[in-house]
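Structure at a glance
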Amino acid sequence: MHFLDIRCVSCSLLNHSHIHLLKMAAPVVAEGAAVLAFRSVMQRVRQAADRSGTLPESIRVVAVSKTKPVSMIRQLYDAGHRCFGENYVQEIVDKAPQLPQDIEWHFIGHLQSNKVKTLLGGVPNLAMFEGVDNQKVANNLDRMVSTLGRNPLKVLVQFSTATRLENFFAKSGIDPSNCVDLAKHVKSSCPNLVFSGLMTIGRPDYTSTPENFKTLSNCRTEVCKALEMPEEQCELSMGMSSDFELAIEMGSTNVRIGSTIFGPRDYSKKQE
(Lines give C-alpha, C1' and ligand atoms only; values in the text may rest on other atoms or scores of the structure.)
Protein backbone atom coordinates (compact mmCIF):
# COMPACT_ATOMS: atom_id res chain seq x y z
CA MET A 1 0.00 0.00 0.00
CA HIS A 2 1.36 3.44 -0.88
CA PHE A 3 1.22 6.23 1.66
CA LEU A 4 1.02 9.89 0.86
CA ASP A 5 3.62 12.41 2.06
CA ILE A 6 1.52 15.27 3.39
CA ARG A 7 3.67 18.35 3.80
CA CYS A 8 2.82 21.57 5.58
CA VAL A 9 3.82 24.85 4.03
CA SER A 10 5.85 26.98 6.41
CA CYS A 11 4.54 30.40 7.31
CA SER A 12 7.89 31.76 6.18
CA LEU A 13 6.81 31.10 2.61
CA LEU A 14 3.93 33.54 2.89
CA ASN A 15 5.50 36.23 0.81
CA HIS A 16 4.80 37.49 -2.66
CA SER A 17 7.42 35.38 -4.42
CA HIS A 18 6.05 32.10 -3.04
CA ILE A 19 2.29 32.49 -3.40
CA HIS A 20 2.37 30.23 -6.45
CA LEU A 21 3.87 27.42 -4.35
CA LEU A 22 0.90 27.54 -2.00
CA LYS A 23 -1.50 27.27 -4.90
CA MET A 24 0.35 24.23 -6.19
CA ALA A 25 0.45 22.58 -2.76
CA ALA A 26 -3.27 22.93 -1.98
CA PRO A 27 -4.50 20.03 -4.18
CA VAL A 28 -1.87 17.70 -2.67
CA VAL A 29 -3.11 18.47 0.82
CA ALA A 30 -6.72 17.88 -0.22
CA GLU A 31 -5.94 14.57 -1.87
CA GLY A 32 -3.89 13.42 1.12
CA ALA A 33 -6.80 14.26 3.39
CA ALA A 34 -9.08 12.09 1.26
CA VAL A 35 -6.85 9.06 1.78
CA LEU A 36 -6.73 9.66 5.52
CA ALA A 37 -10.52 10.07 5.57
CA PHE A 38 -10.89 6.84 3.60
CA ARG A 39 -8.83 4.92 6.16
CA SER A 40 -10.99 6.36 8.93
CA VAL A 41 -14.14 5.27 7.08
CA MET A 42 -12.81 1.74 6.66
CA GLN A 43 -12.11 1.55 10.39
CA ARG A 44 -15.67 2.69 11.14
CA VAL A 45 -17.00 0.08 8.70
CA ARG A 46 -15.07 -2.65 10.52
CA GLN A 47 -16.39 -1.49 13.87
CA ALA A 48 -19.99 -1.38 12.62
CA ALA A 49 -19.60 -4.86 11.13
CA ASP A 50 -18.25 -6.15 14.44
CA ARG A 51 -21.22 -4.68 16.31
CA SER A 52 -23.64 -6.41 13.97
CA GLY A 53 -21.81 -9.73 14.00
CA THR A 54 -20.94 -9.40 10.30
CA LEU A 55 -17.62 -10.15 8.67
CA PRO A 56 -16.06 -6.78 7.71
CA GLU A 57 -14.88 -8.17 4.38
CA SER A 58 -18.51 -8.85 3.42
CA ILE A 59 -19.22 -5.10 3.34
CA ARG A 60 -18.45 -3.34 0.06
CA VAL A 61 -17.51 0.34 0.29
CA VAL A 62 -18.26 2.30 -2.87
CA ALA A 63 -16.28 5.55 -2.85
CA VAL A 64 -18.61 7.96 -4.65
CA SER A 65 -16.39 10.40 -6.48
CA LYS A 66 -18.85 12.63 -8.30
CA THR A 67 -17.51 16.14 -9.05
CA LYS A 68 -14.05 15.06 -7.85
CA PRO A 69 -10.94 15.03 -10.09
CA VAL A 70 -9.33 11.92 -11.52
CA SER A 71 -6.18 12.71 -9.54
CA MET A 72 -8.06 12.33 -6.25
CA ILE A 73 -9.55 8.99 -7.31
CA ARG A 74 -6.06 7.86 -8.26
CA GLN A 75 -4.83 8.63 -4.75
CA LEU A 76 -7.41 6.25 -3.26
CA TYR A 77 -6.58 3.69 -5.93
CA ASP A 78 -2.90 3.87 -4.97
CA ALA A 79 -3.96 3.43 -1.33
CA GLY A 80 -5.50 0.08 -2.34
CA HIS A 81 -9.16 0.85 -3.04
CA ARG A 82 -10.79 -0.45 -6.22
CA CYS A 83 -14.53 0.28 -6.01
CA PHE A 84 -15.77 3.71 -7.09
CA GLY A 85 -19.18 5.14 -7.94
CA GLU A 86 -20.56 7.96 -10.04
CA ASN A 87 -24.02 9.49 -10.53
CA TYR A 88 -23.62 11.33 -13.84
CA VAL A 89 -23.14 9.49 -17.13
CA GLN A 90 -20.84 12.03 -18.76
CA GLU A 91 -18.65 12.18 -15.68
CA ILE A 92 -18.08 8.44 -15.41
CA VAL A 93 -17.53 8.17 -19.17
CA ASP A 94 -14.90 10.91 -18.98
CA LYS A 95 -13.11 9.51 -15.92
CA ALA A 96 -13.08 5.75 -16.54
CA PRO A 97 -10.66 5.76 -19.53
CA GLN A 98 -8.17 7.84 -17.53
CA LEU A 99 -7.94 5.30 -14.73
CA PRO A 100 -6.80 1.65 -14.38
CA GLN A 101 -9.08 -0.96 -15.88
CA ASP A 102 -9.23 -3.04 -12.71
CA ILE A 103 -11.41 -0.41 -11.04
CA GLU A 104 -14.92 -1.71 -10.36
CA TRP A 105 -17.23 1.14 -11.33
CA HIS A 106 -20.77 1.46 -10.00
CA PHE A 107 -23.32 3.74 -11.63
CA ILE A 108 -25.74 4.93 -8.95
CA GLY A 109 -29.24 6.31 -9.43
CA HIS A 110 -31.71 6.91 -12.21
CA LEU A 111 -30.57 6.47 -15.82
CA GLN A 112 -32.32 8.04 -18.80
CA SER A 113 -32.97 5.57 -21.61
CA ASN A 114 -31.06 7.65 -24.15
CA LYS A 115 -27.92 7.41 -22.00
CA VAL A 116 -27.78 3.61 -21.79
CA LYS A 117 -25.52 3.12 -24.83
CA THR A 118 -23.22 5.94 -23.76
CA LEU A 119 -22.79 4.45 -20.29
CA LEU A 120 -22.28 0.81 -21.28
CA GLY A 121 -20.16 1.61 -24.31
CA GLY A 122 -18.01 4.14 -22.50
CA VAL A 123 -17.28 2.15 -19.34
CA PRO A 124 -16.23 -1.43 -20.20
CA ASN A 125 -15.38 -2.07 -16.54
CA LEU A 126 -18.78 -1.05 -15.20
CA ALA A 127 -19.25 -3.69 -12.50
CA MET A 128 -22.72 -2.84 -11.23
CA PHE A 129 -25.71 -0.66 -12.05
CA GLU A 130 -27.46 0.55 -8.89
CA GLY A 131 -30.73 1.95 -9.99
CA VAL A 132 -33.11 -0.21 -12.03
CA ASP A 133 -36.40 1.47 -11.13
CA ASN A 134 -38.66 0.37 -14.00
CA GLN A 135 -38.99 -2.31 -16.65
CA LYS A 136 -38.07 0.03 -19.51
CA VAL A 137 -34.64 0.74 -18.05
CA ALA A 138 -34.12 -2.96 -17.37
CA ASN A 139 -35.05 -3.87 -20.95
CA ASN A 140 -32.82 -1.17 -22.45
CA LEU A 141 -29.86 -2.27 -20.36
CA ASP A 142 -30.47 -5.90 -21.24
CA ARG A 143 -30.58 -5.20 -25.00
CA MET A 144 -27.51 -2.97 -24.97
CA VAL A 145 -25.42 -5.46 -22.99
CA SER A 146 -26.25 -8.02 -25.68
CA THR A 147 -25.60 -5.61 -28.56
CA LEU A 148 -22.18 -4.63 -27.21
CA GLY A 149 -21.24 -8.24 -26.46
CA ARG A 150 -20.53 -7.46 -22.82
CA ASN A 151 -20.59 -9.98 -20.03
CA PRO A 152 -23.88 -9.98 -18.09
CA LEU A 153 -24.19 -6.86 -15.93
CA LYS A 154 -24.95 -6.99 -12.22
CA VAL A 155 -27.88 -4.77 -11.28
CA LEU A 156 -29.69 -3.71 -8.14
CA VAL A 157 -33.37 -2.82 -8.19
CA GLN A 158 -33.97 0.60 -6.65
CA PHE A 159 -36.81 1.17 -4.21
CA SER A 160 -38.11 4.27 -2.56
CA THR A 161 -38.30 3.68 1.18
CA ALA A 162 -39.56 7.18 1.97
CA THR A 163 -43.03 8.06 3.20
CA ARG A 164 -45.86 8.79 0.79
CA LEU A 165 -45.42 12.53 1.24
CA GLU A 166 -41.65 12.28 0.74
CA ASN A 167 -42.19 10.13 -2.35
CA PHE A 168 -44.05 13.04 -3.92
CA PHE A 169 -40.69 14.84 -4.09
CA ALA A 170 -38.53 11.82 -4.86
CA LYS A 171 -36.91 11.48 -8.27
CA SER A 172 -36.64 7.73 -8.60
CA GLY A 173 -37.25 4.38 -7.00
CA ILE A 174 -40.32 2.20 -7.16
CA ASP A 175 -42.84 1.71 -4.40
CA PRO A 176 -42.06 -1.27 -2.12
CA SER A 177 -45.44 -2.77 -3.01
CA ASN A 178 -44.05 -3.41 -6.53
CA CYS A 179 -40.75 -4.88 -5.40
CA VAL A 180 -41.47 -8.47 -6.33
CA ASP A 181 -42.79 -7.74 -9.82
CA LEU A 182 -39.75 -5.73 -10.95
CA ALA A 183 -37.27 -8.14 -9.40
CA LYS A 184 -39.05 -11.03 -11.14
CA HIS A 185 -38.90 -9.18 -14.46
CA VAL A 186 -35.15 -8.63 -14.21
CA LYS A 187 -34.55 -12.21 -13.09
CA SER A 188 -36.74 -13.94 -15.68
CA SER A 189 -36.91 -11.58 -18.68
CA CYS A 190 -33.45 -9.98 -18.83
CA PRO A 191 -30.91 -12.73 -19.56
CA ASN A 192 -28.05 -10.23 -19.92
CA LEU A 193 -28.59 -8.78 -16.46
CA VAL A 194 -27.74 -10.43 -13.15
CA PHE A 195 -30.25 -9.58 -10.45
CA SER A 196 -27.95 -8.99 -7.48
CA GLY A 197 -30.12 -7.29 -4.89
CA LEU A 198 -31.92 -4.14 -3.80
CA MET A 199 -30.93 -0.55 -3.12
CA THR A 200 -32.41 2.63 -1.73
CA ILE A 201 -31.28 6.23 -1.53
CA GLY A 202 -33.67 6.95 1.33
CA ARG A 203 -35.48 10.24 1.61
CA PRO A 204 -35.31 13.08 -0.93
CA ASP A 205 -32.61 14.85 1.14
CA TYR A 206 -30.50 11.65 1.00
CA THR A 207 -30.91 10.91 4.71
CA SER A 208 -32.42 7.72 6.06
CA THR A 209 -34.09 6.42 9.19
CA PRO A 210 -34.12 2.94 10.71
CA GLU A 211 -37.60 2.57 9.23
CA ASN A 212 -36.23 3.21 5.72
CA PHE A 213 -33.62 0.49 6.17
CA LYS A 214 -36.18 -1.89 7.67
CA THR A 215 -38.45 -1.36 4.67
CA LEU A 216 -35.70 -2.41 2.27
CA SER A 217 -34.86 -5.43 4.41
CA ASN A 218 -38.53 -6.47 4.34
CA CYS A 219 -38.52 -6.09 0.55
CA ARG A 220 -35.57 -8.46 0.36
CA THR A 221 -37.44 -11.06 2.38
CA GLU A 222 -40.43 -10.84 0.01
CA VAL A 223 -38.31 -10.88 -3.14
CA CYS A 224 -36.16 -13.80 -2.06
CA LYS A 225 -39.22 -15.83 -1.09
CA ALA A 226 -40.83 -15.15 -4.48
CA LEU A 227 -37.65 -15.91 -6.42
CA GLU A 228 -36.72 -18.87 -4.21
CA MET A 229 -33.39 -17.17 -3.63
CA PRO A 230 -31.30 -17.34 -0.42
CA GLU A 231 -31.30 -13.95 1.31
CA GLU A 232 -27.54 -14.02 1.71
CA GLN A 233 -27.26 -13.95 -2.10
CA CYS A 234 -29.38 -10.79 -2.34
CA GLU A 235 -27.39 -7.65 -1.60
CA LEU A 236 -28.72 -4.64 0.27
CA SER A 237 -27.25 -1.32 -0.87
CA MET A 238 -28.21 1.26 1.73
CA GLY A 239 -26.33 3.80 3.77
CA MET A 240 -24.30 6.85 2.78
CA SER A 241 -21.94 9.29 4.49
CA SER A 242 -24.34 10.31 7.24
CA ASP A 243 -25.73 6.90 8.15
CA PHE A 244 -23.57 4.08 6.80
CA GLU A 245 -22.78 2.66 10.24
CA LEU A 246 -26.46 2.30 11.12
CA ALA A 247 -27.11 0.79 7.69
CA ILE A 248 -24.42 -1.85 8.24
CA GLU A 249 -25.84 -2.67 11.64
CA MET A 250 -29.23 -3.18 9.95
CA GLY A 251 -27.93 -5.50 7.25
CA SER A 252 -26.40 -3.41 4.47
CA THR A 253 -23.78 -5.17 2.37
CA ASN A 254 -22.99 -2.19 0.15
CA VAL A 255 -22.49 1.38 1.42
CA ARG A 256 -22.00 4.41 -0.84
CA ILE A 257 -19.77 7.02 0.74
CA GLY A 258 -18.84 10.29 -0.93
CA SER A 259 -18.40 13.53 0.99
CA THR A 260 -17.05 11.85 4.14
CA ILE A 261 -14.13 10.61 2.03
CA PHE A 262 -13.73 13.28 -0.64
CA GLY A 263 -15.04 16.37 1.13
CA PRO A 264 -17.85 18.73 0.03
CA ARG A 265 -18.86 18.42 -3.59
CA ASP A 266 -18.52 21.15 -6.20
CA TYR A 267 -21.66 21.27 -8.32
CA SER A 268 -20.60 24.34 -10.31
CA LYS A 269 -19.75 22.06 -13.23
CA LYS A 270 -22.57 19.57 -12.77
CA GLN A 271 -22.89 17.04 -15.59
CA GLU A 272 -25.95 15.08 -16.59
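Residues numbered from 1 in each chain as written. Predicted model: local features only at pLDDT ≥ 70, side-chain atom pairs only at ≥ 80, totals over all residues. Heavy atoms only, no water.

**Structural notes on the overall build of the protein**
Along its length, the protein carries ten helices and eight strands. When each of the 272 residues of the protein is scored for burial, the buried share is 48%. If you take every contact in the protein between residues at least 6 apart in sequence, the share linking residues at least 24 apart comes to 63%. Per element, the accessible surface of the protein, about 13,500 Å² overall, is 53% carbon and sulfur. (Helix = DSSP H or I, 4+ residues; strand = E, 2+ residues; numbered from the N terminus. Buried < 20%, exposed > 50% of the residue type's maximum accessible area, 1.4 Å probe, protein only. Contact = heavy atoms within 4.5 Å. Areas by Shrake-Rupley, 256 points an atom, 1.4 Å probe, with all protein chains shown as cover.)

**Section: helix α8 (residues 210-227)**
Look at α8: 26 Å from first C-alpha to last across 18 residues, which is about the 26 Å you get at 1.5 Å a residue. Listed as buried for α8 are Asn212, Phe213, Leu216, Ser217, Cys219, Arg220, Val223, Cys224 and Leu227. Summarising the axial view, the buried residues of α8 lie within an arc of 155°, below the 170-degree limit, and thus occupy one face. The exposed set on the far side of α8, more than 90 degrees from its buried face, consists of Glu211 and Lys225. As for α8, its buried residues are in contact with α7 (179-189), β6 (193-199), β7 (235-237) and α9 (244-249). Backbone geometry just downstream of α8 places Glu228 in the positive-phi region, at approximately 55°. (Expected span 1.5 Å × (residues − 1). Arc of directions from axis to C-beta.)

**Focus: the confidence of the model for the protein**
When pLDDT is averaged across the protein, the result is 84; 81% of the residues are at 70 or more. Predicted confidence for residues 1-30 stays below pLDDT 50, and this span has 19 contacts to residues more than four positions away or in other chains. Within the model, pLDDT remains below 50 along residues 163-170, and this stretch shows seven contacts once partners closer than five positions in the same chain are excluded. (pLDDT = per-residue confidence, 0-100.)

**Section: the packing of aromatic side chains**
According to the stated counting rule, one finds two aromatic pairs in the structure shown. Ring centres of Phe107 and Phe129 lie 5.8 Å apart, and the angle between their planes is 5°; on these two criteria the pair is classed as stacked. Here Phe129 lies in strand β4 (residues 126-132) and Phe107 lies in strand β3 (residues 104-108), a separation of 22 residues in the sequence. Judged by its relative accessible area of 1%, Phe107 is buried. (Phe/Tyr/Trp six-rings, centres within 6.5 Å; stacked < 30°, edge-to-face > 60°.)

**Some words on unusual backbone geometry**
Residue Thr67 is not a glycine yet carries a positive backbone phi of 70°. With respect to the helices and strands, the residue Thr67 is situated in the loop between β1 (60-64) and α2 (70-78). The phi angle at Glu228 is positive, at roughly 55°, despite the residue not being glycine. Secondary-structure assignment places Glu228 in the loop between α8 and β7.

**Re α7**
For an α-helix the count is 3.6 residues per turn, leaving residues at separations of three or four pointing the same way. All of the buried residues along α7 are Cys179, Val180, Leu182, Ala183, His185 and Val186. Looking at the buried side of α7, the elements it contacts are β4, α5 (135-148), β5 (153-158), β6 and α8.

**Things to note about the UniProt feature "modified residue: N6-(pyridoxal phosphate)lysine" (unreviewed entry) in the protein**
Taken from the UniProt record, the annotation "modified residue: N6-(pyridoxal phosphate)lysine" (unreviewed entry) applies to Lys66. Looking at the element boundaries, Lys66 is found in the loop between β1 and α2. Using a relative accessible area of 11% as the deciding quantity, one classes Lys66 as buried. (UniProt positions renumbered as here; feature names shortened; annotations may be inferred.)

**Focus on the packing of α5 against α7**
With their axes 10 Å apart at the nearest point, α5 and α7 run at an angle of 20° to one another. When the interaxial angle is binned, α5 and α7 end up roughly parallel. Viewed along their axes, α5 and α7 form a crossing whose handedness is right-handed. The residues of α7 that touch α5, namely those facing Gln135, Ala138, Asn139 and Asp142, are Leu182, His185, Val186 and Ser189. (Axes fitted to C-alpha atoms, helices over the stretch in contact; angles between N-to-C directions. Parallel < 35°, antiparallel > 145°, perpendicular 65-115°, else oblique. Left-handed = near helix turned anticlockwise from the far one by under 90°.)

**Concerning the pattern of salt bridges**
As enumerated under the stated definition, the model contains nine salt bridges in all. Close ionic contact of Glu245 with Arg44 constitutes a salt bridge, the shortest N to O distance being 2.8 Å. Taken together, the positions of Glu245 in helix α9 and Arg44 in helix α1 (residues 19-52) put the pair 201 residues apart, joining distant regions of the chain. Given a relative accessible area of 27%, Arg44 falls into the partly exposed group. In this structure, the salt-bridge partner of Glu91 is Lys95, at a minimum N-O distance of 2.7 Å. Here Glu91 and its partner Lys95 are both found in helix α3 (residues 89-95), four residues apart, which amounts to about one turn of the helix. We classify Glu91 as buried; its relative accessible area is 5%. Within the structure, one salt-bridge network assembled from shared partners comprises Glu86, Glu91 and Lys95. (Salt bridge = Lys/Arg side-chain N within 4 Å of Asp/Glu carboxyl O.)

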